[in-house]
Amino acid sequence: RDNAMTEPRRGTPDYYDHDYFEVEGVRGAYHDFDKTRDFYHQYSELIQIAFGLSGKTHLDVGCAKGISVSEYLRRGANAYGTDISFYLEQACPTDVRGRAWQGDLGRPFEEWMARKPGDAPEEFDLVTCVETIEHVFPWRAPLAVTNLARATRLWLYLSIPCGPQWDKNQEHVCIRREEWWRHQ
């Protein structure tokens, strides 16, 4: 079987499917639910300390299966999430249903936000994008950064893996050094 014809292309919505999230050793690292939940629990605690979440509108970009959004809701945020994956909407926790949508950050803003729930605001007090933007094609990265800024009313928190230890990660399509990101 020719895998080039059957494997979805990295950086596209079809790549981030059921197998990416649920099947060990296939592509992603989300099959270990306890480990994933613990990571998002700790990260949401960091975001809570840095920004305070209670009563704030919050968009988590690249929210995967929505576990992070559930954590932010639990901490009092009016939280929403978006991810390139169509799998998000069927896999997200119950409390996240209707608060998460499929959207490609590297597309024009209106297209990225086209499936946003009707009650979600146009701008968010806080937008987080944690280890996500490196999955966006390099030629779309400047637009992705612009989209994040446009969706943000007060704070934008970006965490981008940069450096030689990330160069060999096959999941990432936009590995650039810190200086490159500073100019986007």
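Residues numbered from 1 in each chain as written. Predicted model: local features only at pLDDT ≥ 70, side-chain atom pairs only at ≥ 80, totals over all residues. Heavy atoms only, no water.

**A closer look at the side chain of K116**
With respect to the element layout, K116 can be found in the loop between α6 (109–112) and β4 (124–130). Polar side-chain contacts of K116 include one of 3.0 Å to the backbone oxygen of A120. Aside from chain neighbours lying at most four places away, what touches K116 is W101, P121 and E122. (Helix = DSSP H or I, 4+ residues; strand = E, 2+ residues; numbered from the N terminus. Polar contact = N/O pair within 3.5 Å; in protein donor to acceptor, adjacent residues only side chain to side chain. Contact = heavy atoms within 4.5 Å.)

**Topic: the nonpolar core**
Counting residues in each nonpolar core, the largest one holds 18 residues, and the members touching the most others are L59, V61, L105, W112, I133 and L148. If you list the elements that add at least two residues to this core, you get β1 (57–61), α6, β4 and α7 (141–151). Here this core gets four residues from one element, more than from any other, and that element is α7. The contacts of V61, once residues within four sequence positions are left out, are T82, L105, W112, V127, T128, C129, V130, T132 and L148. (Core = buried A, V, L, I, M, F, W, Y, C linked by side-chain atoms within 4.5 Å. Buried < 20%, exposed > 50% of the residue type's maximum accessible area, 1.4 Å probe, protein only.)

**A closer look at the pairing of β4**
Most of β4 sits out of view: seven of its seven residues are buried. Alignment of β1 against β4, held across four bridges, turns out to be parallel. Bridge pairing links L59 to V127 in β4. When β4 meets strand β5 (residues 152–159), the two strands line up parallel, connected through six bridges. Bridge pairing in β5 places T128 opposite Y157. (Pairing = 2+ DSSP bridges.)

From the geometry alone we can't say anything about function, so treat these as descriptive.
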